[in-house]
Amino acid sequence: MQEIYLDNAASTPCDARVMAVMAPLFAEEFANPHSDTHAPGKRAAEAVEQARGHVAELIGADPREIIFTSGATEANNLAIKGAARFRMKQGDGRKRIIAVATEHKCVLESVRDLAQEGFEPVILGVDHNGRVDPAALRDALAVPTALVSIMAANNETGVMQDLSSLGRIVKEAGALLHSDLAQAAGKMAIDVRALDLDLASVSAHKMYGPKGVGALFVRRRPRVRLEPLFSGGGQERGLRSGTLPSTLIAGFGEAARIARAEWQADDHRLTALAQQLFHGLRERQTPFVINAQEARRLPGIISLRLPGAPATRIMEALPEMALSVGSACSSADLAPSYVLTAMGLNPTEAAESLRLSPGRFTTPADIVRVAELLADAAQRVRAERSTQ
Ligand SMILES: *Cc1c(COP(=O)(O)O)cnc(C)c1O
């Protein structure tokens, strides 16, 4: 039974070119990149700085604005808690922190955790297409606000927020603007200057790099100040202590370099694969609904509802297909996706929704099989349920 991997939104495979760059750093160029007393240490540091340049270029930043972390979860925590705590320490009176209801759990929980420190979390709702209402954002900003976090593209639905117009509203109100770019970076055009971002989080394993490494963009002009999360040796401009994983970082850099050169080609291919899938399902008379149909979406994340066929049953019927019902983090619990619920889907509709996320290595032949398998499974599940 040939497996088909359709869960690239949870994690992408490492590109072979990324592995080739990492291989020598595991065993040969293993020195501590902070050991500047010898040549091997300096070479490891050079590999880190080269990678920093590639990651910066991918999002239009200066290399000095890139702080390496263990991933986007840490970057989001550092951005939100670090900025809030620094402002509090300076005696800044702005206590409101705003995030969107469909943000990743690590953003929502960071914002909510700050309530214990005297901040006021405000969670903005979204419309049926997963988008933030600019007027609601403006209303929320009527109270002096420290920081607003708005993701560029959602990990369950692929929905892109209109970050440039929402960002303008945030900046007019004088709040800091953070964006979780974990799904967007390397998949769509992102320029931290054009978007006027203060803080932005990225992750290597969502762009065909290794797991366990990511970065936080921290704007230099005007400089955004953060309180670090960790005490230690003061690496990464004092913002993130700990020995840098030079091997993973070199892989991240290569993944970012490739993404910058190839994201448009990937995007065209994924758009064609999505169309092929929808066509294949229609050909087989399989009723389906695309969640957030009217929003601009990443072509590689499809939130697909098969009416009358619960997603958990579809997944049981198709062990050869790796897909999920929502984000990887929440798929273990039985509660319907909070992202889809925030968009106004009722619990049944949310439970009938699958997340299909093809990636760089998905082929048209895979999609032919996916359409066949899904159409068959949907029909079987619906038939079983109607005879129960
Ligand atoms: C995967 C993901 C994260 C978490 O990234 P890690 O590097 O796995 O910690 C955060 N936000 C979004 C939108 C994601 O897709």
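Residues numbered from 1 in each chain as written. Predicted model: local features only at pLDDT ≥ 70, side-chain atom pairs only at ≥ 80, totals over all residues. Heavy atoms only, no water.

A. Summary view of helix α1 (residues 16–27). Considered for burial, the residues of α1 that qualify are V18, M22 and L25. With its buried residues spanning 50° around the axis, α1 presents them on a single face. What points out from α1, more than 90 degrees from its buried face, is the exposed set A16, A20 and A27. Close packing links the buried residues of α1 with α2 (39–59) and α7 (246–283). (Buried < 20%, exposed > 50% of the residue type's maximum accessible area, 1.4 Å probe, protein only. Helix = DSSP H or I, 4+ residues; strand = E, 2+ residues; numbered from the N terminus. Arc of directions from axis to C-beta. Contact = heavy atoms within 4.5 Å.)

B. Local environment of the site of the ligand. Close to the ligand lie 14 residues; T73, D180, Q183, S203 and K206 are nearest. A distance of 2.6 Å separates a nitrogen atom of the ligand from a polar side-chain atom of D180. Contact between the ligand and Q183: an oxygen atom at 2.7 Å from a side-chain N or O atom of the residue. Starting from 380 Å² of accessible surface for the ligand in isolation, the protein chains cover 88%. (Near = heavy atom within 4 Å. Polar contact = N/O pair within 3.5 Å; in protein donor to acceptor, adjacent residues only side chain to side chain. Areas by Shrake-Rupley, 256 points an atom, 1.4 Å probe, with all protein chains shown as cover.)

C. Structural view of the packing of aromatic side chains. With the rule as written, the count across this model stands at three aromatic pairs. Considering the side-chain rings of F68 and F252, the 6.1 Å spacing of their centres and the 65° angle between planes classify their relative orientation as edge-to-face. Of this pair, F68 sits in strand β2 (residues 66–69) while F252 sits in helix α7, placing them 184 residues apart in sequence. Judged by centre distance (5.7 Å) and plane angle (20°), the ring pair of F278 and F288 falls under stacked. Of the two residues, F278 sits in helix α7 while F288 sits in the loop between α7 and β9 (289–290), which places them ten residues apart along the sequence. Judged by its relative accessible area of 6%, F278 is buried. Among the residues examined, F288 registers a relative accessible area of 18% and is labelled buried. (Phe/Tyr/Trp six-rings, centres within 6.5 Å; stacked < 30°, edge-to-face > 60°.)

D. Looking closely at empty space enclosed by the protein. Under the counting rule described, the total for this entry stands at three cavities of 30 Å³ or more. Lining the largest cavity are 19 residues, with K187, Y208, L270, G300 and P358 positioned closest to its centre. Its residues assigned to classes, the lining of the largest cavity shows eight nonpolar, seven polar and four charged. Both of domain 1 (4–11 + 263–386) and domain 2 (16–257) provide at least three residues apiece to the lining of the largest cavity. (1 Å grid on protein atoms, 1.4 Å probe; cavity = no way out; pocket = protein on both sides within 12 Å on 5 of 7 lines; lining within 4 Å. Points joined across faces, edges and corners; volume = space filled by probe spheres on them. Nonpolar A, V, L, I, M, F, W, Y, C, P; charged D, E, K, R; others polar. Domains from an automatic or database assignment.)

E. Fine view of the domain arrangement of the protein chain. Looking at the protein chain, the domain boundaries give domain 1 (4–11 + 263–386) and domain 2 (16–257). With centres defined by C-alpha atoms, the gap from domain 1 to domain 2 works out at 28 Å. Of the residues lining the interface, 31 residues belong to domain 1; the matching set on domain 2 comes to 30 residues. Here domain 1 meets domain 2 over a buried area of about 2,700 Å², counting both sides, of which 56% is carbon and sulfur. Looking at the side of domain 1 facing domain 2, the largest losses of area belong to W263, L298 and Y338, adding up to 24% of the total buried there. Counting every contact that joins domain 1 to domain 2 gives zero salt bridges. On the surface where domain 1 and domain 2 come into contact, there are 14 residue pairs in polar contact (both at pLDDT 80 or more). Listed by contribution, the elements that provide at least two residues to the side of domain 1 that touches domain 2 are α7 and α9 (338–342). Considering every element that reaches the side of domain 1 that touches domain 2, the biggest residue donor is α9, with four residues. Looking at the side of domain 1 that touches domain 2 residue by residue, the class counts come to 15 nonpolar, ten polar and six charged. (Buried area = accessible area lost by both parts, 1.4 Å probe. Salt bridge = Lys/Arg side-chain N within 4 Å of Asp/Glu carboxyl O.)

F. Region of the structure containing the side chain of H205. Among the secondary structure elements, H205 is positioned in the loop between β7 (199–203) and β8 (214–218). Judged by relative accessible area, H205 falls into the buried class, the value being 17%.

G. Local environment of the nonpolar core. Ranked by internal contacts, the top residues of the largest apolar core, which has 84 residues, are I59 and L137. A domain-level breakdown of this core finds at least three residues from each of domain 1 (4–11 + 263–386) and domain 2 (16–257). Setting aside its immediate chain neighbours within four residues, I59 contacts I66, L181, A185, I190, D191, V192, V202 and F217. Counting residues in each nonpolar core, the second largest holds 30 residues, with L273, A309, A371 and A377 among its members. (Core = buried A, V, L, I, M, F, W, Y, C linked by side-chain atoms within 4.5 Å.)

H. Layout of the sheet that holds β8. Pairing is mixed in the open sheet, where seven strands are placed in the order β2-β8-β7-β6-β5-β3-β4. Edge positions in the sheet fall to β2 and β4 (120–124), since each of these pairs with one other strand and no more. In this sheet, adjacent strand axes meet at a mean angle of 20° when their direction is disregarded. With four bridges joining them, β2 and β8 adopt antiparallel strand pairing. Its bridge partner lying in β8, F68 is registered against A215. Lying on the sheet, α2 is in contact with β2, β7 and β8; it crosses β2 at an angle near 110°. (Pairing = 2+ DSSP bridges. Axes fitted to C-alpha atoms, helices over the stretch in contact; angles between N-to-C directions.)

I. Examining the sheet that holds β9 more closely. Pairing is antiparallel across the open sheet formed by three strands, whose spatial order is β9-β10-β12. Two strands bound the open sheet, and with one partner strand each, they are β9 and β12 (353–356). Across two bridges, the pairing between β9 and strand β10 (residues 302–305) is antiparallel. From the neighbouring strand, V289 faces β10, where its bridge partner is R305. Docked against the sheet, α7 engages β9, β10 and β12, running at close to 10° with respect to β10.

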